[in-house]
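# Observations on chain architecture
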Amino acid sequence: MKTIKFTKIALLAFLTFSLFACSDDDDGGDVITPSNTIADFVAGNPDYSSLGAALEVTGLDATLGGTANFTVFAPNNAAFNSFLSTNGFNSLDEVPEDVLTEILLNHVQEGEIMSSALSTGYIESMATGMASDQPLSLYINTDDGVTINGVSSVTTPDVEVDNGIIHAVDAVIGLPDVTTFATADPNFDILVQALTADESFTFVETLMMSEAPAPFTVFAPTNTAFANVLDELELAGLDDIPADLLSSILSYHVVAGSNVRAEDLTDQMMVETLETGSFTINLGENVTITDENGRTATIVATNVQANNGVIHALDTVILPENDAIEIETNTIADFVAGNEDYSSLLAALEATGLTSTFTGTDNYTVFAPNNAAFTAFLNDNGFNSLDEVPEALLTQVLLNHVQMGEIMSADLTTGYIPSMAVWGASEEPLSMYINTDDGVMINGVASVTSADNEVDNGIIHAVDAVIGLPNITTFATADPNFDILVQALTREDSFTFVETLMMSEDPAPFTVFAPINDAFVDLLDELELGALADIPTETLEATLAYHVVTGANVRSGDLTDDMDVTTLEGGDFTVNLGDNVTITDENERTATVIATDVQATNGVIHALDTVLLPAAD
C-alpha cells in the first residue's frame, strides 16, 4: 500500500510539473508563483477583515504586500470592534485616515522578529505622533507571554509569511500618551501611585492631553528612586508626604510645552519645570540632573516617545527647593563646618567663596589642614590672621589641596599629580609631589594624619600642614630622585642657586632640566671622579647653570625639534624630538628627558637621565 501511494503522489507531482511546463511552452508567459505576503494573509482570513479594510483605506496593503520584511502585531475583528466602540466611532470610515494610518503603523516593526527574540523593554514602532517626528515607542513585557503597552497580548505568535512575521494580538494598540507607558511599565508602579495618591491631583488627566500644555517631557523616577527618597527623607511611605508637597515634587519632574529628547539636551542646560522651579542638566559619561538642593539624579533610560511627549527614566527623585523638605547632607563643606578643628579651613573657604564648590555634587579629594596647620602657615608667611592673606592667593593655596574625583589613599602612588591651583608662571595646574614610602606626604611638607574620610561628594584626607604654593626648590627638595642635585646646588657657600630658584620676579620664570641621582653617579664615572666634592667649584657652578633657562616657562608642549636653548650659564644646547625627547649638549653628549612638566609657581622642571656639560673654556 505504501509503495502504491508513493507512486500515485509522485505521478501526480510529475503531471502537475508537466502541465505547468507545457503551459509555459504553449503560452510563452511567465510562471506565476503563488504568494503569501502579510497583506495576502490578512485578506485571506475572515477574522482579519477589519484589519484588511483598514489597510486598504490607508494604502498600507501595498506596503505589506511588497518584498520588504516586516513584523506585524495583527488585531482581529473583535479587537477592532472594541477599539471603535471605546473611541466613539461607529465604523472605520469615521476614523480620520491620517490617524488610522499611524495606529496601523504602531503595530509594525521593520524586519522579522520572532517572539523568542522579544524581551522586556522598549522598541520603536513605525508610527510617529504629534509631539515628535521620531518613531513612537512600544513597551514589550515578556514576563507572562508577550504584552504590548499593557493593553494588547499576543495570542498566536510567529506566523511566518513570505515577507515577515505576524503575531496575532487581542487588542488594537492605540497611539500611546505619556500615561500609557507609566501604567504599562512596572518600573513606574510607585510613580503611578504617587500621581493618583490624592483625589485633587489632575496629573493623569493632564498627561493624557494632546493640546496645550502638551507636549510634555517627563523625567520619571523608577520604583527604586522612590524607595530611596523615602529613606532619605526618613518617611515610611508615600502617605507620609503631605499632598501639597507631593504635588510640588511630581510637578518638578514635568516640563510642559516641549518634547525634549536626549539629543536635545546640552551641558549646563537650565530646565524650567511645571512646578515653576528649575534644574540643571549635566553631560558626561552619564547624563545627570542637579536639582535645587544640589542633589544629583542619573538618567537611566531615554527617549520613550509617546504621542504627546517623551519620558526619560531617573534613578533618583529630584526635589525642588521647599521649606518642607529637610535633607541631611554630609558634603566636604558640611564635614569641615561640623568639625571644630577645621574652623580655620572653614573661614578660608568662606572668605574665598569655595564653600559652595564643596557643597555641590561634583566629587573632589581634599587634603584638609587643621587649625594648627593654618596657624603655622600664617606665622611662617608673616600674616597675623587669614584676613591679611590676599583673597586670590588664599584661593589658590586652598585649591592646591584639591584633586578632582575621589582618590582613596590606597590609590595614591609616589609621583606627581596636578592640583586644582593655578598661579604664577603658567596657566597649567601646579604639580603636587606625592611620596608614599612612609604613609602619604605631599610636597615634602604635609603628611596625611587621617586618611579616607568618605563624604557625600568626595574624600577627605586630614594633613598636618598647609601645602603652600610650590616654587622650583620645593620639588627639588621633596623628590628624593633629586637628592644629589640638591647637594650640588648647595655645595658651596658662594652658590646662589637656591635663593635664585625661589624667586618669583626677574630672572624668573625658570625652566630647569634637572638631572636625577643616577645621572650624577654616571657623570662621576664618566669623569673618573670619586665624589661630587672632586668636581672643581667653577666647573660645578657652570654645569648647574647650564641646566637652567631663565625668563621662560617652557613646557614639553612648547619644545620643537632642533630647538636651540640658551641657558643661565650662557651656553646653548639642542632639543631633539623623536620617540623620546633628547638634549644634545655642547660636547655632543645626549641626555633623555624622562619626566616632564613638573609645574611650580615660578617655573617648570623636566627630569634628565644624564648631566649636561657645557663646552670647556
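Report follows, based on the coordinates. Small disclaimer: the values here were computed from a predicted structure and weren't measured.

The next point concerns the overall build of the protein chain. Scanning the protein chain from terminus to terminus reveals 20 helices and 28 strands. Its C-alpha atoms give the protein chain a radius of gyration of 38 Å, clearly above 25 Å, the size a compact globule of 617 residues would have. If one aligns the C-alpha atoms of the protein chain with their principal axes, the spans along those axes are about 115 × 75 × 45 Å. Classification of the 617 residues of the protein chain by burial places 48% in the buried group. Considering only contacts within the protein chain whose residues lie at least 6 apart along the sequence, 63% involve residues at least 24 apart.

When we look at burial in helix 10 (residues 223-232), the residues that qualify are Ala225, Phe226, Val229 and Leu230. Buried residues of helix 10 fall within an arc of 135° about the axis and therefore sit on the same side. More than 90 degrees from the buried face of helix 10, the exposed residues found are Thr224 and Asp231. Buried residues belonging to helix 10 abut helix 8 (189-195), strand 8 (216-221), helix 11 (243-251) and strand 14 (309-314). Once helix 10 finishes, glutamate 234 follows within two positions and takes phi at roughly 55°, a positive value.

On to the pairing of strand 11 (residues 278-282), then. Burial analysis of strand 11 places five of its five residues in the buried class, the great majority of the element. Burial along strand 11 is two-sided: the residues Ser278, Thr280 and Asn282 and Phe279 and Ile281 are all buried. When strand 10 (residues 270-272) meets strand 11, the two strands line up antiparallel, connected through three bridges. Bridging across to strand 11, valine 271 finds its partner in phenylalanine 279. Count of turn residues in the strand 10/strand 11 antiparallel hairpin: five residues, of which threonine 276 carries a positive phi of about 85°. Where strand 11 and strand 12 (residues 288-290) come together, three bridges link them in antiparallel fashion. When the bridges of strand 12 are listed, asparagine 282 appears paired with threonine 288. The turn linking strand 11 back onto strand 12 is made up of five residues.

The next subject is unusual backbone geometry. In the segment running from alanine 214 into proline 215, the intervening peptide bond is cis, with an omega of 0°. The linkage connecting alanine 508 with the following residue, proline 509, adopts the cis geometry, with an omega of 0°. Here proline 509 shows up in the loop between helix 18 (497-501) and strand 22 (510-515). Backbone geometry places asparagine 303, a non-glycine residue, at a positive phi of 60°. On the basis of relative accessible area, asparagine 303 is assigned to the buried category, the value being 17%.

Looking at the element boundaries, asparagine 282 is found in strand 11. In terms of polar contacts, asparagine 282 uses its side chain to reach the side chain of threonine 290, at 2.9 Å. When near neighbours in sequence (up to four residues on either side) are disregarded, asparagine 282 contacts Asp267, Gln268, Val287, Thr288, Ile289 and Thr290.

A few words now on the side chain of threonine 37. Within the secondary structure, threonine 37 sits in the loop between helix 1 (2-27) and helix 2 (38-43). For threonine 37, the residues in contact, after removing those within four places along its chain, are Leu64, Gly65, Gly66, Val161, Asp162 and Asn163.

This part takes up the packing of helix 13 (residues 343-352) against helix 15 (residues 391-399). Contact geometry for helix 13 and helix 15: axes closest at 9 Å, N-to-C directions at 125°. Classified by the angle their axes make, helix 13 and helix 15 are oblique. In this structure, the crossing between helix 13 and helix 15 has a hand that is left-handed. Along the contact surface, helix 13 presents Leu345, Ala348, Leu349, Ala351 and Thr352, while helix 15 presents Glu391, Leu394, Thr395 and Leu398. Residues of the contact of helix 13 with helix 15, tallied by class, amount to six nonpolar, two polar and one charged.

Conventions adopted
- Residues numbered from 1 in each chain as written.
- Predicted model: local features only at pLDDT ≥ 70, side-chain atom pairs only at ≥ 80, totals over all residues.
- Heavy atoms only, no water.
- Helix = DSSP H or I, 4+ residues; strand = E, 2+ residues; numbered from the N terminus.
- Rg over C-alpha atoms; globule rule 2.2 N^0.38 Å.
- Buried < 20%, exposed > 50% of the residue type's maximum accessible area, 1.4 Å probe, protein only.
- Contact = heavy atoms within 4.5 Å.
- Arc of directions from axis to C-beta.
- Pairing = 2+ DSSP bridges.
- Polar contact = N/O pair within 3.5 Å; in protein donor to acceptor, adjacent residues only side chain to side chain.
- Axes fitted to C-alpha atoms, helices over the stretch in contact; angles between N-to-C directions.
- Parallel < 35°, antiparallel > 145°, perpendicular 65-115°, else oblique.
- Left-handed = near helix turned anticlockwise from the far one by under 90°.
- Nonpolar A, V, L, I, M, F, W, Y, C, P; charged D, E, K, R; others polar.

Everything listed here is a matter of geometry and, on its own, says nothing about what the molecule does.
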